[in-house]
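# Commentary on secondary and tertiary structure
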Amino acid sequence: MLQRAENYSRFLVSDPVAKAKIGQSPNRIIHHDRKAVVRLFAPAEVKHQPVFVSMPLINTWTIFDLLPGRSVVESLNKAGVPVYLLDWGRPGPEDSQINLELLIDGTLRRSMDRTRRDAKTRYGADQVDAIGYCVGGTYLTILLARYPDLARRLALLATPIDFHASGRLSLWANPETFPLDEVIDGHGNFPAEMMKQSFAWLRPMGQLAKWKSLWDKSENADFRTLWAAMEAWNNDNTDFAGAAYREYVRRCYFDNALMAGGWKLGGETVDLSKGKAPALVLAAADDHIVPPVAAFALKDRWGAPVVARTLRGGHVGVCVGKELPAALLEWIRA
Amino acid sequence: MAESQENFPDFTKMSNDFYKQWEQSMTQWWDQVIDSPAFLDAMGKNAAGYAKARGSWQKSMDDMAEKMHVPGKGDLVRLARICTMLEERLLRQEDHILLLQDRLETLEKEALQGRIEAAEARLELRDRLQKMEDLLVKLADAPADARRRKSAE
């Protein structure tokens, strides 16, 4: 017990979260789009079609490359898959007027277009497969419903489609109690700190459980490294561009417009039935942010065949487990 | 000795069990609190109040900077916003250029295909002309041969 207490204290005193090195896989930037960039993780030997990954806008992209041995991009690269990853960057106060049309029809569409061009030049690939995680997946789904030829196939991970099935989050994000306009008018962007606190409050006891798990496994060096890396990633939230956040919460959480319809983006109705890319929907069994039912709702709306599959883990934990890379590789090889 | 150890309570297990029970009861309590309309209403008002205070503070800072004739955060944000808009326009121009490049490539391919087809047609025509010329030469030679044969007779 005393030895464990000593290990625990020594570990915390060494400031492990600040020292944690995440997102270390070598990559090069092939496209700049304001603050967003497309990073290419090139494999040593190309064996498969390139994939494009649309990450969430709430945290950083590094959850897909957390640590060696716990990295989705590393696993895909090892299997010979070139990975083009969209890193949305960090919006500043000057980006508060960037709306969803600029993000989806602008940044996301352009990033996919430049990826397609680069993949053709570099790898001779005519088309790419697209992967979306969380809200990055929601945006990707909307984009591919509007521009079906941009990707050959679509894989979504923990991507909300039926927002009213998103558990506690949908209960909180309702127009009666959530002062959306006041918050955005006051802050400009939706602040990263507020986002972090909101997610922490989704499971208040989860904060304590985090410290307890460290206590229980403080003698395991690998676990300590993973714990520190997860903490580093978790603490690194980004602001959400104000106008885009206003539209996102209003349309998705208040109106559940992807299910109910009637959402006009850039003068055009968002209609998921226009999607042509066959889709794989992956959900995490213990996901309290996007429960499987919220993700699998795509089956009722998408215009092409949808295969649904549940993986072990939570909303974030699923990214550092072994099941996700295996499921993606199976899909890529199919 | 062994018997006394078996009877001795396992404090680690006991503390783990106690923690689990306590965690479960606390989770239930928190669930009731954070899902209650009263809590959500209060949190909403709190967030709105904080945002309003933050906005007012920012405005007062900008007003003060203006009175001191120095650029405030609002001025810098406006400047950065212009840069962002310019960047967006440049990106749209890049889109147009790439689109034009695609069309030019298509046109180039079509034009090249047209030239290849025209060249093939010309070659075909030349071959036909050559054949016709050979036939004409043969026909022109035929009466002369006939005259020669007649005079010899």
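Let me begin by describing the structure that accompanies this report. Along each chain, residue indices are assigned from 1 in the same order as the chain's sequence is written. To label them, take the chains in the order written and letter them from A, then take the ligands in the order written and number them from 1. Per-residue local features are limited, in this predicted model, to residues with pLDDT of at least 70; the limit for side-chain atom pairs, both in listing and counting, is 80 or more; totals at the level of whole chains, interfaces and linings are taken over all residues. With hydrogens and water excluded, all non-hydrogen atoms of the structure serve as input to the side-chain values.

### Topic: the layout of surface pockets
- The calculated volume of the second largest pocket comes to roughly 640 Å³.
- Every residue lining the second largest pocket is counted, 28 residues in all, and those nearest its centre are A:Pro93, A:His187, A:Gly188, B:Gln58 and B:Val77.
- Only α7 (180-187) and α11 (242-254) of chain A together with α3 (37-67) and α4 (73-152) of chain B provide two or more residues apiece to the lining of the second largest pocket.
- Each helix is a run of DSSP H or I of at least 4 residues and each strand a run of E of at least 2, with the numbering of both proceeding from the N terminus. It is α3(B) that contributes the most residues to the lining of the second largest pocket, seven residues altogether.
- Residue polarity follows a fixed list, in which Ala, Val, Leu, Ile, Met, Phe, Trp, Tyr, Cys and Pro are nonpolar, Asp, Glu, Lys and Arg are charged, and the others, Gly among them, are polar. Counted by class, the lining of the second largest pocket contains five nonpolar, eleven polar and twelve charged residues. Grid points spaced at 1 Å and placed over the protein atoms alone form the basis of the search, with a cavity being a set where a 1.4 Å probe fits but cannot get out and a pocket an open set showing protein on both sides within 12 Å along at least five of seven lines. Lining residues have an atom within 4 Å of a point. Grid points are joined across faces, edges and corners, and a volume is the space filled by probe spheres set on the points.

### A closer look at empty space enclosed by the protein
Residue and element names in this part refer to chain A.
- Here the structure, examined in full by the defined rule, presents two cavities of 30 Å³ or more.
- When its volume is computed, the largest cavity comes out at roughly 190 Å³.
- Looking at the largest cavity, it is lined by 16 residues, and the ones nearest its centre are Arg34, Trp88, Pro91, Ile98 and Leu103.
- Tallied by class, the residues present in the lining of the largest cavity amount to eight nonpolar, two polar and six charged.
- There is about 30 Å³ of room inside the second largest cavity.
- Lining the second largest cavity are Ala145, Arg146, Glu268, Thr269, Asp271 and Lys274.
- Taken together, the elements giving at least two residues each to the lining of the second largest cavity come down to α5 (135-146) and β10 (268-269).
- Each residue belonging to the lining of the second largest cavity can be placed in one class, and the counts come to one nonpolar, one polar and four charged.

### Let's talk about the side chain of A:Arg153
Residue and element names in this part refer to chain A.
- In this fold, Arg153 is placed in the loop between α5 and β8 (154-157).
- Pairs of N or O atoms within 3.5 Å make up the polar contacts considered here, provided that, within protein, one atom can donate a hydrogen while the other can accept it, and that residues adjacent in sequence are counted only when both atoms are side-chain atoms. Here the side chain of Arg153 touches Asp129 through a polar contact of 2.8 Å, side chain to side chain.
- The contact partners of Arg153, leaving out residues within four places of it in the chain, are Val128, Asp129, Ala130, Ala277, Pro278, Trp331, Ile332 and Ala334. Contacts were defined at the residue level, with two residues in contact if any of their heavy atoms lie within 4.5 Å.

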